[in-house]
Amino acid sequence: MLINVKSLLKLFGVSIVMCCAAFVCTLFLSYNMDIAGIKDSLSSDAAVTLYNALITTGKVTAAVAGGCLVITSAVLLLFYVKNYIDSHGRDLGILKALGCSNMKTALRFWVFGLSVLAGCAAGFAAAYLYLPAFYKLQNAEKLFPDIAVKFHFSLFLCLVILPSAVFSLLAIFYAWYKLKKPPLELLKNAHEIKNKRNKQSDKERSFLSELRSNTLRGKKSAVFFIAFSAFCFSAMTQMSFSMKKLASAQMAFIMITIGLVLAFVTLFLSLSSVVKEHAKTVALLEAFGYTPKERSKAVLGAYRPVSYIGFAVGTLYQYGLLKIMMSLVYADIQNIASYGFDFVALAIFLPLFVAVYELMMFAYSLKIKKTSLKKIMTE
Amino acid sequence: MIELKNVYKSYGSGESKTEALKGVDVTVDDGEYVVILGASGSGKSTLLNVTSGLETPTSGGVFYDGEDISAFKDEELTAFRRRNVGFVFQQYYLLPDMTAEKNVRMGADLADNKDYGQIIAAVGLENKKKKYPAQLSGGEQQRVSIARALAKKPRILFLDEPTGALDEATGRQVLDYLIKLKRELGFTMVAVTHNENIAATADRIIRMNSGVIAEIKSNPAPKSAYEIGW
């Protein structure tokens, strides 16, 4: 078999993100479906207003959080498929040369959907374990009668089976699209020449600064994911801090957990992939006598501004989102604290982000330092 | 002068232990051109790696002008390679996203060599310096790799099967460039090859067999790249 279990294990990033997506969506959508049964029994204005606010919150949260997570997973999956085809070009080229059609080969990529199935099923199950506590939390003010947790098969279908099937199809079609090359091109893994030139002339730019900018240009997916991880960290931590004041500690906990899981999974995967992809270059730089600092700066240093931009965008995003949520969802509810930009949250999480990010960069610098010189000699 | 004294190099441990070098003693004089010959598994590449500071010996010493580099820490070895050594590999290992000129700057920047254009011209690639490796032939890529190594003005140039991936005509051309540049710039050259004919171009030939030096032979009349068989 072309794609084995080991290949699938590398997709644990997709599984974790989909687990988070299924967890959040199951919580809020299940609650929305169960609470619908008591709508007609609500008598007080306060209860009706809270009901409407909770329904809207559930829809917005499921759409925004779930949507973002699903898009992230889709991009992660495509990134994996592309990497898989690039690194197995020789095997795929041989299959094609032997007469295996693109579609027949691409169909084998359906197994990538299994990582989505595993993640969604885990998230769905975890949400059902947490739902009783979540229902109590949502009705903390006791404005509604107690609601029992019901199993909704339609939710299972939409949040577990459907995403797995869609992601399998996505993997198949993307693989099919990527395989549309002559067999020789796959076999040679022919290098695409990027003709984009820098404004600065070749003469002016030093080798290391050229390498830094090439690292960014050549690995756009890593740029996206590193910026995204900083965005997640920034948005989710600061939002959860504000949510603690506006909603509840438990809500804040869910948000910060998802944010941190997402941020670290994407950062870990992106940096691992960057280091792996540049192993040969790093080994060559070492052979020529470039110092460990120069090597790690050339490969990882380029991503530093990207991550800080991601953090800044995340800060603005969470502020904007909470502002909109407050004006749309909680506009009719009294005794809700007004919301302004949370400088305290920024003062806490910006230094924390810098510390954590630099620590991870340092850990990967050590990994780069250990890259074996023999690696290039033995290939 | 490079001196290797009783150098041993082994890989693995226990039953899987492999002795790649078993007590090698050899001297390479400044400005000399030495070819290390041997079959696959004879220890010739390990000898090159240990001599160049890419690997440290298990025991024994590698002395450069009396200084034992085998006792160096990683940082010191890196600094040593930066100052003294250039490499040319069989598979070129050019950076694919960079032009030939930028690949050469990889070596030139280490020596703060602003005149690296001259070395590009010297390997006959003046007109192709803006091309990417994928746009160059195998021979041209190897010439870029030679220019990259020489642009850092090394004292010693180490070559691992420099013509191994090239056809006869291109191989001869690359070898000719190397010999001419060596004569012009005066660096020491240590090349590993399995091609017996190439040895005829060297000042001295070291023949390796099963991790030991089987023979060291001086060549009083080295031939040019176009005078040897292939």
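**Some details on the interface of chain B and chain A**
- On the chain A side, the residues contacting the 24 residues of chain B number 22 residues.
- The element contributing the most residues to the side of chain B that touches chain A is helix α3 (residues 100–108) of chain B, with five residues.
- Split into classes, the residues belonging to the side of chain B that touches chain A amount to 11 nonpolar, five polar and eight charged.

**Digging into the environment of B:I206**
Residue and element names in this part refer to chain B.
- Locating I206 in the fold gives a position in strand β9 (residues 204–209).
- Residues I206 and V35, 171 residues apart in the sequence, show an inter-C-alpha distance of 6.2 Å.
- Excluding anything up to four places from it in sequence, I206 contacts V26, V34, I36, L37, I213 and I216.

**So, α3(B)**
- In terms of residue burial, α3(B) counts as a mostly covered element, since nine of its nine residues are buried.
- All of the buried residues in α3(B) are B:A100, B:E101, B:K102, B:N103, B:V104, B:R105, B:M106, B:G107 and B:A108.
- Here the buried face of α3(B) lies against α9 (207–218) and α12 (279–288) of chain A together with β6 (85–88), α4 (116–122) and α5 (138–151) of chain B.

**With respect to helix α2 (residues 12–35) of chain A**
- Over its 24 residues, α2(A) runs 34 Å from end to end, which matches the ideal 34 Å to within 8%, given 1.5 Å per residue.
- Across the 24 residues that make up α2(A), a large majority, 19, are buried.

**A short note on the pairing of strand β3 (residues 33–37) of chain B**
All names here are of chain B.
- Burial analysis of β3 places five of its five residues in the buried class, the great majority of the element.
- A two-sided burial pattern is seen for β3, the buried positions comprising Y33, V35 and L37 on one face and V34 and I36 on the other.
- With four bridges joining them, β3 and β9 adopt parallel strand pairing. Directly across from V34, in β9, lies its bridge partner R204.

**Section: the domain arrangement of chain A**
Residues and elements named next belong to chain A.
- For chain A, the assigned domains are domain 1 (1–189) and domain 2 (208–379).
- Here the C-alpha centre of domain 2 lies 23 Å away from the C-alpha centre of domain 1.
- If you look at the interface, domain 1 gives 14 residues, while domain 2 gives 16 residues.
- When residues of the side of domain 1 that touches domain 2 are traced back to their parent elements, those giving at least two are α2 and α3 (45–87).
- Looking at which element gives the most residues to the side of domain 1 that touches domain 2, the answer is α3, with eight residues.
- Taken together, the residues that form the side of domain 1 that touches domain 2 break down as nine nonpolar, five polar and no charged.

**Description of the packing of α9(A) against helix α13 (residues 292–299) of chain A**
Residue and element names in this part refer to chain A.
- In the contact formed by α9 and α13, the axes pass within 7 Å of each other and the chain directions differ by 40 degrees. Where α9 abuts α13, its residues L208, L211, R212 and T215 lie against E294, A298 and V299.
- Looking at side-chain class alone, the contact of α9 with α13 contains four nonpolar, one polar and two charged residues.

**Concerning the packing of α3(B) against α5(B)**
Residues and elements named next belong to chain B.
- Two numbers describe how α3 lies on α5: the axes approach to 6 Å, and their chain directions differ by 30 degrees. Our classification of the angle between α3 and α5 gives roughly parallel. In this structure, α3 meets α5 at a crossing whose hand is right-handed. In this structure, α3 uses A100, N103, V104, M106, G107 and A108 to contact α5, whose residues at the interface are V144, A147, R148, A149 and A151.

Quick notes on the rules
Residues numbered from 1 in each chain as written. Chains lettered and ligands numbered in written order. Predicted model: local features only at pLDDT ≥ 70, side-chain atom pairs only at ≥ 80, totals over all residues. Contact = placed C-beta atoms within 7 Å. Helix = DSSP H or I, 4+ residues; strand = E, 2+ residues; numbered from the N terminus. Nonpolar A, V, L, I, M, F, W, Y, C, P; charged D, E, K, R; others polar. Buried ≥ 20, exposed ≤ 12 C-beta atoms within 10 Å, placed from the backbone. Expected span 1.5 Å × (residues − 1). Pairing = 2+ DSSP bridges. Domains from an automatic or database assignment. Axes fitted to C-alpha atoms, helices over the stretch in contact; angles between N-to-C directions. Parallel < 35°, antiparallel > 145°, perpendicular 65-115°, else oblique. Left-handed = near helix turned anticlockwise from the far one by under 90°.

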